[in-house]
Amino acid sequence: MYTLATMQQLRARLDLETNAADDERLWRALTAATARIERDSGRRFTPRLAALPHRARHPRELILLDDLLQLQRLANGDGRDIDRRTVQALPAASGGSVGVLRLTGSQRFSGPDAVQVTGLWGWHERWSLAWRRSVDRLQRPPLAATATALQVADSGRFHAGQLLRIGDEYLRLLSLDAANHTLNVERGAQGTTAATHNRGSAIDVYRPPATVTLLCLRLAAWLYREPDREPAGDLPADVADELRALRRHSAAS
């Protein structure tokens, strides 16, 4: 389970000193807060690679089943690829996720099977700014596709729970060995494929939408202070209002 904020951020919000005895309780609060936010909003805020089938109800417009961050491939119902240069993403120029794909020119959605939309799915208000680039670089060549430990120049630049990117592969940071500047990771995270990476490959860090991270911290802090409360129970009014504002509404509605 990933989280929309890190344990270090939650410690800072709660003004807690580093103490391993608190880790499990902090992690439970963060995971519960993340699950509640995504469930109530009907959105995911961490990108994932997937091919989703869609039934085209209009020959030129396709209402997407989820928030799309980056289109990689669009295959028509006959299995043929549609030229992405003929695809307009709506809302245009939003800088974030889109909900509708519109074909231009003579292109039409057709064929006996579902249209396959392959890409990065999730919601972000500014996708172009979602990655903190080149935070560090791999220190040992090469990194095999099966390796789960990365050596970096400075492990202090990272925090457990973060989503990392090397090339096209996503990696989930599970824990750190600060003494040896080693990151222990889950490979091929979020639907991507584990690959071999050369020494010096840049490591990017994903930054969830700032408003969502702040909401996660507020909700997690409340759950931490109120450990007997059920995550599915009533929320503070201001938190509930912000969740409603994030809720995804189908483009068809």
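Here the structure is a predicted model, which means the values were calculated and not measured.

Novice: Residues and numbers for helix α3 (residues 210-225), please.
Specialist: Spacing of three or four residues puts side chains on the same side of an α-helix, whose turn is 3.6 residues. Under the 1.5 Å per step criterion, the end-to-end length of α3 is 23 Å for 16 residues, consistent within 8% with the ideal 22 Å. Among the 16 residues that make up α3, twelve are buried, leaving the element largely enclosed by the rest of the structure. Taken together, the buried residues of α3 touch α1 (7-14), α2 (23-41) and α4 (237-246).

Novice: With reference to specific residues and values, describe the pairing of strand β5 (residues 115-121).
Specialist: Judged by how many residues are buried, β5 sits mostly within the fold: six of seven residues are covered. Here seven bridges tie strand β1 (residues 48-54) to β5, and the two strands are oriented antiparallel to one another. Note on β5: the bridge partner recorded for alanine 50 is glycine 119. Examined bridge by bridge, strand β2 (residues 61-75) and β5 share six bridges and lie antiparallel to one another. Note on β5: the bridge partner recorded for leucine 71 is glycine 119.

Novice: Please set out the environment of tryptophan 123 residue by residue, giving values where relevant.
Specialist: Its location among the elements puts tryptophan 123 in the loop between β5 and β6 (131-137). Of the residues examined, tryptophan 123 reaches a relative accessible area of 16% and is grouped as buried. Separated by 58 residues in sequence, tryptophan 123 and leucine 65 place their C-alpha atoms 12 Å apart. Non-local contacts of tryptophan 123, meaning those with residues more than four positions away in its chain, are made with Arg43, Arg44, Phe45, Asp67, Leu69, Ser97, Tyr206, Pro209, Val212 and Leu246.

Novice: Quick one: what's the story with the confidence of the model for the protein, residue by residue and with numbers?
Specialist: Considering every residue of the protein, the mean pLDDT works out to 91; 94% of them sit at 70 or more. When pLDDT is averaged over each helix and strand of the protein, the minimum, 88, is found for α4 and the maximum, 98, for strand β11 (residues 202-206).

Novice: Mind laying out the pattern of salt bridges, listing which residues take part and the relevant values?
Specialist: In a structure, side chains of opposite charge can pair up when their charged atoms sit close to one another. Counting across every chain of the model gives 18 salt bridges. The salt bridge partner of arginine 73 is aspartate 81, with a shortest N-O separation of 2.8 Å. A salt bridge links arginine 85 to aspartate 83; the shortest N-O distance between them is 2.9 Å. Salt bridges sharing partners connect three or more residues here, namely Arg11, Asp22 and Asp23.

Novice: Can you break down the packing of α2 against α3 residue by residue, with the values?
Specialist: Orientation of α2 relative to α3, taken along the N-to-C sense of each, is 125°, at an axis distance of 8 Å. Of the possible angle classes, the one that applies to α2 and α3 is oblique. In this structure, α2 meets α3 at a crossing whose hand is right-handed. Two secondary-structure elements touch here, α2 through Arg25, Leu26, Ala29, Leu30, Ala32, Ala33, Thr34, Arg36 and Ile37 and α3 through Val212, Leu215, Cys216, Leu219, Ala220, Leu223, Tyr224 and Arg225. Of the residues that constitute the contact of α2 with α3, the class distribution is 13 nonpolar, one polar and three charged.

Novice: Which residues make up the packing of α1 against α3, and what values do they have?
Specialist: With their axes 10 Å apart at the nearest point, α1 and α3 run at an angle of 65° to one another. Taken as a pair, α1 and α3 cross one another with a handedness that is right-handed. Residues Gln9, Leu10, Arg13 and Leu14 of α1 form the contact with α3, whose participating residues are Thr213, Leu214, Leu217, Arg218, Ala220, Ala221, Tyr224 and Arg225. Tallied by class, residues from the contact of α1 with α3 come to seven nonpolar, two polar and three charged.

Rules used in this analysis
Residues numbered from 1 in each chain as written. Predicted model: local features only at pLDDT ≥ 70, side-chain atom pairs only at ≥ 80, totals over all residues. Heavy atoms only, no water. Helix = DSSP H or I, 4+ residues; strand = E, 2+ residues; numbered from the N terminus. Expected span 1.5 Å × (residues − 1). Buried < 20%, exposed > 50% of the residue type's maximum accessible area, 1.4 Å probe, protein only. Contact = heavy atoms within 4.5 Å. Pairing = 2+ DSSP bridges. pLDDT = per-residue confidence, 0-100. Salt bridge = Lys/Arg side-chain N within 4 Å of Asp/Glu carboxyl O. Axes fitted to C-alpha atoms, helices over the stretch in contact; angles between N-to-C directions. Parallel < 35°, antiparallel > 145°, perpendicular 65-115°, else oblique. Left-handed = near helix turned anticlockwise from the far one by under 90°. Nonpolar A, V, L, I, M, F, W, Y, C, P; charged D, E, K, R; others polar.

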